[in-house]
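# Report on the structure
Listed below are the residues making up each chain.
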Amino acid sequence: AVPRTRILATGGASHNRKILQVLSDVFNAPVFTIDTANSACLGSAYRAIHGLVAERNVSFADVVKLAPEPRLAVTPTPGAEEV
């Protein structure tokens, strides 16, 4: 089954696999990262562009369709949801 929730981690902590694993285990969801410098700023820029084109009924998905693909960093540890 494909999980419905996924986490996209950015910033300095996104380079720490142990922190990513804790996020994945706590939320029982896979964690993805983007290999782009200043990815948090990039996300803000996409939101700003979406705000500019929203009155033309352009979806956010259309705005970010050329964004870098996130890569899977970690998945939940089996049984972590029980803890």
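Residues numbered from 1 in each chain as written. Predicted model: local features only at pLDDT ≥ 70, side-chain atom pairs only at ≥ 80, totals over all residues. Heavy atoms only, no water.

By the naming in an unreviewed UniProt entry, the chain is XYLB kinase, taken from Anthoscopus minutus. Per UniProt, the chain has the following entry under Sequence similarities (unreviewed entry): "Belongs to the FGGY kinase family." (UniProt positions renumbered as here; feature names shortened; annotations may be inferred.)

### Describing the environment of Val31
By the secondary structure assignment, Val31 is in strand β2 (residues 31-33). Here the alpha-carbon distance between Val31 and Ala73, two residues 42 residues apart in the chain, equals 5.7 Å. Excluding its chain neighbours within four sequence positions, the residues that come into contact with Val31 are Ile7, Ala9, Leu20, Leu23, Ser24, Arg71, Leu72, Ala73 and Val74. (Helix = DSSP H or I, 4+ residues; strand = E, 2+ residues; numbered from the N terminus. Contact = heavy atoms within 4.5 Å.)

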